[in-house]
Amino acid sequence: MPDKVIAEHSIQEAKKLIDSSKRIVIVTHVSPDGDAIGSSLALCRILSQMGKHVDVVVPNNYPSFLKWMNGVKDIIVAEWKEVFAKGVFRAADLIFCLDFNIPKRVQQLAELVENAPAKKIMIDHHPQPGDFCDVTISHPELSSTSELLFRFICALGMYDAIDKNCAECIYTGMMTDTGAFTYNSNSPDIYHIISKLLEKGINKDILYQKVYNNYSESRIRLEGYVLYEKMKIFEDYNAALITLSCEEQQRFQWKKGDTEGFVNIPLSIENIRFSVFIREEENMIKISLRSQGGFPSNQFAADVFNGGGHLNASGGEFYGKLEDAVRLFEEALPRYKEQLTIKN
Ligand code: 5GP
Ligand code: MN
């Protein structure tokens, strides 16, 4: 078993809270990704086996490339079931906050989570966790919340309760948060855990295909369009920018998840260390940022787009016009020139 990273007192406190709870809610961040959904569904299975009544709540819908996951159809999408979701939070004895570090990341659910009478346990790997949970298990050095959750399950003595479905959820979270083990993935423990998940019967090749080889034709054509027409290179700054308007997304029948991963593509160009994707949504502009090496994309996200995240993968929001968000980005680049152009 990989080294224990979670403090023993946190495990003991979490154990006590689980033992004394009947109704448990698992909540994860807005626009949930593979790690958010994978870790939530895995924990849901384990707690259900412990005899708990468990609900998984997400602020808005998950991407269609995760629709095959076991248990995903039972997830409560709060945006569609507002009243029901509220009731679930009010009735809970315990809330698990997975894959997010501050209440703002669950958007319209933030107040519900903060004000719920239930005790709260955070399991997360984002830097600078907020102080809103009774137990905070935060390990930014780990690849994914799903990896941390595997460790948490083992520390609870529940390793044997991990079945094939649960292992698939954990693996999917670890895979998607590391770009199929191409970044943040040098820790030997990751491969130790994968070998344990393989022993549980997962087929990692099929899981890769389900997540990454499952696109619609229009999604692939959108990728072609974006790379040919929409990618701008800022050679002096080793940076790249892709923008996409609502109209363009409609033209390619955009659906949730279709643009996931676009931001990573320019990093495969020689010398590009920083890549930003600015996408117009109905009522806001969503920004995704990625870097390679030491450039702090999360600092850029915080400074320019009121966002945050990890060093190499972060995000932010902008309320205004697409062209104004682009202007903010272009005006900010010179301020980071030194950090963007040093070799690291
Ligand atoms: P993505 O670009 O895939 O949406 O997000 C990449 C990373 O940035 C994730 O770890 C996510 O949690 C974080 N992130 C995305 N959007 C925001 C945001 O608006 N605010 C903050 N603080 N973090 C974000
Ligand atoms: Mn994550």
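Residues numbered from 1 in each chain as written. Chains lettered and ligands numbered in written order. Predicted model: local features only at pLDDT ≥ 70, side-chain atom pairs only at ≥ 80, totals over all residues. Heavy atoms only, no water.

> What should I look at first to understand the sheet that holds strand β10 (residues 285-291) in this one?
For sheets, the rule is that strands pair by backbone hydrogen bonds, running either parallel or antiparallel. The six strands lie next to each other as β7-β8-β9-β10-β12-β11, forming an open sheet whose pairing is mixed. Both edges of this open sheet fall to β7 (231-234) and β11 (308-309), since each of them pairs with a single strand only. Pairing of strand β8 (residues 239-244) with strand β9 (residues 274-280), which is carried by six bridges, proceeds in the parallel orientation. Paired with Ala-239 across the strands is Phe-274, a residue of β9. Relative to the sheet, helix α9 (residues 217-230) contacts β7 and β8, its axis offset from that of β8 by approximately 125 degrees. Against the sheet, helix α12 (residues 322-332) engages β7, β8, β9, β10 and β12 (313-318), with an angle of about 165 degrees to β9. (Pairing = 2+ DSSP bridges. Helix = DSSP H or I, 4+ residues; strand = E, 2+ residues; numbered from the N terminus. Contact = heavy atoms within 4.5 Å. Axes fitted to C-alpha atoms, helices over the stretch in contact; angles between N-to-C directions.)

> When you look at helix α2 (residues 34-49) in this model, what are you seeing that I'm missing?
Given 3.6 residues per helical turn, the α-helix brings residues three or four places apart onto the same face. An ideal rise of 1.5 Å per residue puts 22 Å on 16 residues; α2 measures up with 22 Å between its terminal C-alpha atoms. Burial analysis of α2 places 13 of its 16 residues in the buried class, which makes it a mostly covered element. A positive backbone phi angle near 90 degrees is found at Gly-51, which sits one or two residues after α2. (Expected span 1.5 Å × (residues − 1). Buried < 20%, exposed > 50% of the residue type's maximum accessible area, 1.4 Å probe, protein only.)

> Any chance you could explain the packing of aromatic side chains here in plain terms?
Aromatic ring pairs are reported here in terms of the distance separating the ring centres and the angle at which the planes meet. With the rule as written, the count across this model stands at 15 aromatic pairs. An aromatic cluster is present here, built from Phe-234, Phe-274, Phe-295, Phe-300, Phe-329 and Tyr-336 joined pairwise through their rings. The ring centre of Tyr-159 lies 4.0 Å from the NZ or CZ of Lys-200, which sits over that ring. (Phe/Tyr/Trp six-rings, centres within 6.5 Å; stacked < 30°, edge-to-face > 60°. Lys NZ or Arg CZ within 6 Å of the ring centre and 35° of its normal.)

> What is the right way to look at the side chain of Gln-249 in this model?
As for its position among the elements, Gln-249 is in helix α10 (residues 246-251). A polar side-chain atom of Gln-249 sits 2.9 Å from the main-chain carbonyl oxygen of Glu-280. What Gln-249 contacts, discounting residues up to four positions off in sequence, is Leu-244, Trp-254, Arg-279 and Glu-280. (Polar contact = N/O pair within 3.5 Å; in protein donor to acceptor, adjacent residues only side chain to side chain.)

> In this structure, what is going on with the site of ligand 1? I would like to understand it.
Close contacts around ligand 1 come from 13 residues, with Arg-105, His-126, Lys-286, Ser-288 and Arg-290 the closest. Between ligand 1 and the protein, one listed contact pairs an oxygen atom with a side-chain N or O atom of His-126 at 2.8 Å. Between ligand 1 and the protein, one listed contact pairs an oxygen atom with a side-chain N or O atom of Ser-288 at 2.6 Å. Taking 490 Å² as the accessible area of ligand 1 by itself, protein coverage stands at 84%. Secondary-structure elements contributing two or more residues to the shell around ligand 1 are β10 and β12. Sorting elements by how many residues they give to the shell around ligand 1 places β12 first, with five residues. Its residues assigned to classes, the shell around ligand 1 shows one nonpolar, eight polar and four charged. (Near = heavy atom within 4 Å. Areas by Shrake-Rupley, 256 points an atom, 1.4 Å probe, with all protein chains shown as cover. Nonpolar A, V, L, I, M, F, W, Y, C, P; charged D, E, K, R; others polar.)

> How should the coordination of the manganese ion (ligand 2) be read in this particular structure?
Six octahedral donors around a metal ideally make angles of 90 or 180 degrees; four tetrahedral donors ideally make 109.5 degrees. For the manganese ion (ligand 2), the full set of protein donor atoms is Asp-35 (OD), Asp-99 (OD), His-125 (NE2) and Asp-177 (OD), and the range of their distances to it is 2.2 to 2.4 Å. Of note, the manganese ion (ligand 2) draws all its donor residues from one chain, in the sequence arrangement D-x63-D-x25-H-x51-D. Taken together, the residues Asp-99 in the loop between β4 (94-98) and α4 (110-115) and Asp-177 in helix α6 (residues 164-177) connect sequence positions 78 residues apart. Each member of the pair, Asp-99 together with Asp-177, is buried. (Donors = N, O, S within 2.8 Å, 3.2 Å for Na, K, Ca; no water.)

> Would you mind showing me how to read the sheet that holds strand β1 (residues 23-28) here?
What the six strands build is an open sheet, ordered β3-β2-β1-β4-β5-β6; its pairing is parallel. The open sheet is flanked by β3 (76-77) and β6 (135-138), the only strands paired with a single partner. Note that β1 and strand β2 (residues 53-58) share five bridges and pair parallel. Residue pairing across strands places Arg-23 opposite His-53, the latter belonging to β2. Strands in contact with helix α1 (residues 8-19) are β4, β5 (119-124) and β6; relative to β6, the strand with the most contacts, it is inclined by about 130 degrees. Each of β1, β2 and β4 is contacted by α2, which is oriented at about 170 degrees to β1, the strand it contacts most.

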